[in-house]
Amino acid sequence: MRILSIETSCDETAIAIIECSGSKKRPEISVLSNLVSSQVKLHAKYGGVVPNLARREHERNLVPLLLQALDESRIMNHESRKKKTKPLHNSLFMIHNSILNKEPELLAQFEKHIMPLSAPAIDAIAVTYGPGLAPALWVGVNFARALAIFWKKPLTPVNHMEGHLYSPLIKSYEATPRKIEFPTLSLLVSGGHTELVLVKNFGKYEIIGETLDDAAGEAFDKVARLLGLGYPGGPAIAEEAAKMKNEKIKMKNESSAFIPTCRRDHGKSHDNAKFKIELPRPMLHSKDYNFSFSGLKTAVLYLVRDIKNPREVKKLRPAIAKEFQDAVVGVLVAKTIRAAVEYKTKTVLLGGGVAANNLLREKLSSELKKELPEVSCWLPESTVTGDNALMIAFAAYLAGKKKAPTSVGAEANLRLS
Ligand code: KG4
Ligand code: ZN
């Protein structure tokens with residue numbers, strides 16, 4: 001089965017074309033094209049994603065990206081390039097008047113570059129329809145609807161989190177596919193979500209815990225901003241925390257050096273006490289599987305405010321970043337293991353942008369090995385941790401359902417259960 005997929009839920013415009021075969025439990029994938037056009041640099045100036053800028057960029061990027069994907073995948077043969085698709089009059093009418101009428105730039109590119117082509121050799125189109133930023137989602141959804149109508153192909157709407165969930169099963173460049181066994185537990189950590197999901201079967205999910213406020217990635221981004229680090233915050237914090245090894249040595253050698261603070265409840269001043277930077281582990285011992293990261297962010301805010309001197313903050317930044325990262329990872333790993341025990345899961349999967357974090361990857365796999373050696377822990381390859389369309393095509397193959405193009409719409413707050 002050959003699937004063309006489109007992802008525009010946030011600030012990455014992505015298109016992939018894959019071939020899937022085999023049973024769903026042991027799927028084999030061949031990646032014909034996997035393109036991501038990142039808008040990170042554009043949004044970095046604003047310290048976060050600006051929805052309407054994202055939407056405009058998606059509108060500009062989709063057609064060039066699709067043409068590149070078709071080219072790379074070599075699924076448009078010479079003949080089909082010459083042979084124009086003869087669309088039905090009413091599908092053209094729909095594309096102009098009710099599908100791409102709000103995206104004039106995309107419509108113009110569609111008319112110029114897509115309409116002269118005949119339909120490529122694909123079996124289905126998959127598109128992310130939520131959750132995400134509504135203006136960004138709509139561009140991808142409308143583009144997918146127009147293609148499905150124009151090329152007369154079935155359309156499969158995919159939940160973005162379902163893409164992240166199955167991403168650890170994508171082992172595109174290895175011979176042996178990973179086999180999924182139910183029940184599976186998935187820890188999903190991204191910029192907008194932090195969820196523990198019990199996967200009972202393909203398409204059958206139960207969210208057993210989630211964040212009550214900020215998502216883990218969001219906390220990384222906000223703390224990075226507080227510390228004067230760049231956007232996106234996750235990689236910036238991880239990089240800063242990695243400096244800590246050297247810092248420690250320096251601090252030990254300089255007896256007069258300022259030793260990092262700050263338990264706020266200490267009541268001692270910074271310069272005469274032997275402080276350690278200590279941040280809370282929110283909800284670590286709560287009986288449920290929920291998370292909360294906004295208090296952790298506020299603790300960093302108070303810390304920075306107490307230290308006052310920006311030069312001092314900069315000096316202590318690696319120590320703060322490390323403690324913050326340890327706190328987030330510690331809570332995520334401890335609760336995942338507890339849930340794996342309670343729900344007797346056979347596999348633990350990790351997915352989402354924060355799955356790029358090396359400490360999280362190491363801790364999750366090593367702690368699971370120690371505590372539950374019979375449970376397999378699957379991490380996504382680093383190429384599929386961030387938003388991409390490959391995971392959307394793959395999720396469509398495993399769990400997707402075809403729908404009539406006109407009945408598909410963006411759902412910004414879509415949930416897995
Ligand atoms: O899944 P994703 O690419 O987009 C959403 O669906 O939200 O996740 C983006 C999030 C951002 O908050 C980013 O800071 C975080 O993933 N992230 C990381 C790392 N790389 C990306 N967080 C921690 N450590 C990283 N290395
Ligand atoms: Zn994502």
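Below or above, wherever it landed, is the structure these notes cover. From a predicted model like this one, the values you see are computed outputs, not experimental measurements.

### Brief notes about the nonpolar core
The biggest cluster of nonpolar side chains holds 55 residues, and the ones touching the most others in it are Ile-237, Phe-324 and Leu-332. For this core, the secondary structure elements donating two or more residues are β6 (184-189), β7 (194-201), α8 (216-226), α9 (233-242), α11 (294-307), α12 (310-342), β9 (347-351) and α13 (358-371). At 15 residues, the largest contribution of residues to this core is made by α12. Those residues in contact with Leu-332, other than ones at most four positions away along the chain, are Leu-187, Val-189, Thr-194, Ala-216, Phe-291, Phe-293 and Leu-360. Membership of the second largest hydrophobic core comes to 41 residues, among which are Ile-15, Leu-106, Leu-137 and Ala-146.

### Quick look at the coordination of the zinc ion (ligand 2)
Within the first shell, the zinc ion (ligand 2) binds the protein through His-160 (NE2), His-164 (NE2) and Asp-387 (OD), at distances of 2.1 Å. The exposure class assigned to Asp-387 is buried, which follows from its relative accessible area of 17%.

### Looking at helix α6 (residues 134-151)
Over its 18 residues, α6 runs 25 Å from end to end, which matches the ideal 26 Å to within 8%, given 1.5 Å per residue. For α6, a buried count of 15 out of 18 residues is recorded, marking the element as mostly surrounded by other parts of the structure. Downstream of α6 by one or two residues, Lys-152 has phi in the positive range, about 55 degrees.

### Notes on the environment of His-113
Counting through the fold element by element, His-113 comes out in helix α5 (residues 104-114). Here His-113 falls in the partly exposed class, since its relative accessible area comes to 32%. Among residues more than four places away in sequence, those in contact with His-113 are Val-63 and Leu-67.

### Considering the packing of α5 against α6
Helix packing geometry: the angle between the two helix axes and the distance between the axes. Axis separation between α5 and α6 bottoms out at 12 Å; the angle between their running directions is 30 degrees. On the basis of the axis angle, α5 is roughly parallel to α6. In this structure, the crossing between α5 and α6 has a hand that is right-handed. Only Val-139, Phe-143, Ala-146, Leu-147, Phe-150 and Trp-151 of α6 make contact with α5, whose side of the interface consists of Leu-106, Phe-110 and Ile-114. Of the residues assigned to the contact of α5 with α6, the class counts are nine nonpolar, no polar and no charged.

Calculation criteria
Residues numbered from 1 in each chain as written. Chains lettered and ligands numbered in written order. Predicted model: local features only at pLDDT ≥ 70, side-chain atom pairs only at ≥ 80, totals over all residues. Heavy atoms only, no water. Core = buried A, V, L, I, M, F, W, Y, C linked by side-chain atoms within 4.5 Å. Buried < 20%, exposed > 50% of the residue type's maximum accessible area, 1.4 Å probe, protein only. Helix = DSSP H or I, 4+ residues; strand = E, 2+ residues; numbered from the N terminus. Contact = heavy atoms within 4.5 Å. Donors = N, O, S within 2.8 Å, 3.2 Å for Na, K, Ca; no water. Expected span 1.5 Å × (residues − 1). Axes fitted to C-alpha atoms, helices over the stretch in contact; angles between N-to-C directions. Parallel < 35°, antiparallel > 145°, perpendicular 65-115°, else oblique. Left-handed = near helix turned anticlockwise from the far one by under 90°. Nonpolar A, V, L, I, M, F, W, Y, C, P; charged D, E, K, R; others polar.

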